[in-house]
Amino acid sequence: MAHDYSSPAWLSPDGNEEDMGLLLAPRLAYFAAVARHEHVTRAAQDLGVPQSTLSRAIVRLESDLGVTLFARRGRTVALTPAGRSFLTAAERALAEVGRAADTVRADADPAAGRVAFGFLHTMGSETVPGLIRAFRVDHPKVRFTLVQNYGEAMIERLRAGDLDLCLTSPVPDAPDLVTRRLDEQRLRLVVPDDHRLARRKRVRLAEAAEEAFVTLEPGYGLRRITDALCAEAGFAPRVAFEGEEAETLRGLVAAGLGVALLPPPAVPRPGVVELTVTAPRAAREIGVAWLDGHPDTPPVAAFKRFLLSRRGRLLGEHGMPPPSQSAESAPDDQVTDSAPPPA
């Protein structure tokens, strides 16, 4: 099977590498089988293809490359130096394709596949662990790749294919996304425990117009909500500090560096008091988003169904204030002897 080509290869060495890859890929397995058996007939039998098909594929491969890969020795063939060099790379490429195929099959396995799930930092301490624990009661072997980030960054990763689903707020409105509202979370005005408002149970946001605010950085959904609520209350917040995580902001509030609009904490934080905001209505919607038209693997479809089944109870007891702190239970200016515990 020695060939001496005088005509140029179909693609020059400086040609389009992607096109060359498309040309070579279907024939790499044929080449590796012939190299392994050093015999075209036995390689054809091993592959389950006609010998003529295999011979033509090898001739075409050598023509594409413009080099001789095999030298004939009687009824057998032997790799040329160029063939040995090419075989090393071909085997690596085939092994990588095999590993990739194993990975995607494993990720799509209905019982033990993988879900890439993004969520807000404020969902990470209680909500998401609880969701996954409940889901795995019926799907104990499903694996999760978890990504915590702010909303816009998660949407970017969703569009890039890094995530299957994400929990975010505000719920995005984009033509390439499918979104479903799952729950609502009330926001509190968090003040230091020695603050002038700390003995109150509830407050109008306008009463904090002169306060310094600690907020998340621009680009975070909660920052946009904070700015919008303050604007609705008739003022622009005077931002003293910006951060990336809600509990860090609570620490800054406890240190007396400002006040903040935040969702309820998973556990009470010493040094702060959390006040119900009666006007404007301070809440954020939590929703799930995924790419429109993106096919789901069985584990992703199962987890999506599970999330949608949790509408209205996604956040559990941390989503809304307890009845004793509802806006209807007392007038806005009620004063108490002690600050209410954070919800």
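All figures in this text were calculated on a predicted structure; none of them were measured in a lab.

Thoughts on the overall build of the protein
Line of reasoning, step 1. In terms of regular secondary structure, the protein is built from nine helices and 13 strands.
Line of reasoning, step 2. Within the protein, the proportion of its 343 residues that are buried is 44%.
Line of reasoning, step 3. Restricting to contacts in the protein with at least 6 residues of sequence separation, those with at least 24 account for 76%.
Line of reasoning, step 4. Taken as a whole, the protein presents about 17,200 Å² of accessible surface, with 52% of it coming from carbon and sulfur.

Describing the environment of Ala-279
Line of reasoning, step 1. Mapping Ala-279 onto the fold places it in strand β12 (residues 272-279).
Line of reasoning, step 2. The spacing of Ala-279 and Arg-204 is 75 residues in sequence and 5.0 Å in space, taken between C-alpha atoms.
Line of reasoning, step 3. In contact with Ala-279, other than residues within four places in its own chain, are Val-203, Arg-204 and Leu-205.

Some details on the sheet that holds strand β13 (residues 283-291)
Line of reasoning, step 1. Reading across from one edge, β4-β3-β5-β13-β6 is the order of the five strands in this open sheet, with mixed pairing throughout. Only two strands of the sheet have a single partner each, and these edge strands are β4 (143-148) and β6 (177-186). Going from strand to strand, the sheet's axes swing by 20° on average, the running direction of each strand aside.
Line of reasoning, step 2. In this sheet, β13 lies alongside β6 in antiparallel orientation, the contact comprising nine bridges.

Topic: the side chain of Arg-223
Line of reasoning, step 1. Mapped onto the secondary structure, Arg-223 falls in helix α7 (residues 221-232).
Line of reasoning, step 2. Using a relative accessible area of 11% as the deciding quantity, one classes Arg-223 as buried.
Line of reasoning, step 3. A polar side-chain atom of Arg-223 sits 2.9 Å from the main-chain carbonyl oxygen of Leu-216.
Line of reasoning, step 4. Beyond its immediate sequence surroundings of up to four residues, Arg-223 is in contact with Thr-215, Leu-216, Glu-217, Pro-218, Val-239 and Glu-242.

What to know about the packing of aromatic side chains
The description of two aromatic rings rests on the distance between their centres and on the angle between their planes.
Line of reasoning, step 1. One pass over the structure, following the stated rule, counts 11 aromatic pairs.
Line of reasoning, step 2. With a centroid separation of 5.5 Å and 55° between ring planes, the pair formed by Phe-31 and Phe-70 is classed as tilted. You can see Phe-31 sitting in helix α1 (residues 17-37) and its partner Phe-70 sitting in strand β1 (residues 70-73), a full 39 residues away along the chain. As far as the burial class goes, Phe-31 and Phe-70 line up, both buried.
Line of reasoning, step 3. Joined through ring pairs, the aromatic side chains of Phe-117, Phe-119, Phe-135, Phe-144, Phe-303 and Phe-306 make up one cluster.

So, the sheet that holds strand β11 (residues 260-262)
Line of reasoning, step 1. Pairing is mixed across the open sheet formed by four strands, whose spatial order is β8-β12-β7-β11. Pairing within the sheet leaves two strands with one partner each, and these edge strands are β8 (202-204) and β11. Going from strand to strand, the sheet's axes swing by 45° on average, the running direction of each strand aside.
Line of reasoning, step 2. For strand β7 (residues 188-192) and β11, the ladder comprises three bridges, and the chain directions are antiparallel. Along β11, the bridge assignment pairs Val-190 with Ala-260.

Digging into the packing of helix α2 (residues 40-47) against helix α3 (residues 51-65)
Line of reasoning, step 1. Two elements in contact, α2 and α3, have axes whose closest approach is 9 Å; the angle formed by their N-to-C orientations is 110°. By the angle between their directions, the pair α2 and α3 is classed as roughly perpendicular. The chirality of how α2 crosses α3 is right-handed. In contact with Val-40, Thr-41, Ala-43, Ala-44 and Leu-47 of α2, α3 contributes Gln-51, Leu-54 and Ser-55.

Overview of unusual backbone geometry
Line of reasoning, step 1. Cis geometry marks the peptide bond from Ser-169 to Pro-170; its omega dihedral reads -5°.
Line of reasoning, step 2. Turning to its location among the elements, Pro-170 is positioned in the loop between β5 (165-168) and β6.
Line of reasoning, step 3. For the bond running from Ala-279 to Pro-280, omega is -10°, close enough to zero to count as cis.
Line of reasoning, step 4. Tracing the backbone through its elements, the reader meets Pro-280 in the loop between β12 and β13.
Line of reasoning, step 5. Notably, Glu-38 is not glycine yet its phi reads approximately 55°, a positive angle.

Topic: the nonpolar core
Line of reasoning, step 1. Core analysis: the largest hydrophobic core is formed by 35 residues, its most contacted members being Phe-117, Leu-158, Leu-165, Leu-167, Phe-303, Leu-307 and Leu-314.
Line of reasoning, step 2. Secondary structure elements with two or more residues in this core: β3 (114-119), α5 (127-135), α6 (151-159), β5, β6, β13 and α9 (298-309).
Line of reasoning, step 3. Beyond its immediate stretch of four places on either side in the chain, Leu-158 contacts Leu-163, Asp-164, Leu-165, Cys-166, Leu-177, Ala-289, Trp-290 and Leu-291.
Line of reasoning, step 4. Membership of the second largest hydrophobic core comes to 31 residues, among which are Leu-205, Phe-235, Ala-246 and Ala-260.

Procedures and definitions
- Residues numbered from 1 in each chain as written.
- Predicted model: local features only at pLDDT ≥ 70, side-chain atom pairs only at ≥ 80, totals over all residues.
- Heavy atoms only, no water.
- Helix = DSSP H or I, 4+ residues; strand = E, 2+ residues; numbered from the N terminus.
- Buried < 20%, exposed > 50% of the residue type's maximum accessible area, 1.4 Å probe, protein only.
- Contact = heavy atoms within 4.5 Å.
- Areas by Shrake-Rupley, 256 points an atom, 1.4 Å probe, with all protein chains shown as cover.
- Pairing = 2+ DSSP bridges.
- Axes fitted to C-alpha atoms, helices over the stretch in contact; angles between N-to-C directions.
- Polar contact = N/O pair within 3.5 Å; in protein donor to acceptor, adjacent residues only side chain to side chain.
- Phe/Tyr/Trp six-rings, centres within 6.5 Å; stacked < 30°, edge-to-face > 60°.
- Parallel < 35°, antiparallel > 145°, perpendicular 65-115°, else oblique.
- Left-handed = near helix turned anticlockwise from the far one by under 90°.
- Core = buried A, V, L, I, M, F, W, Y, C linked by side-chain atoms within 4.5 Å.

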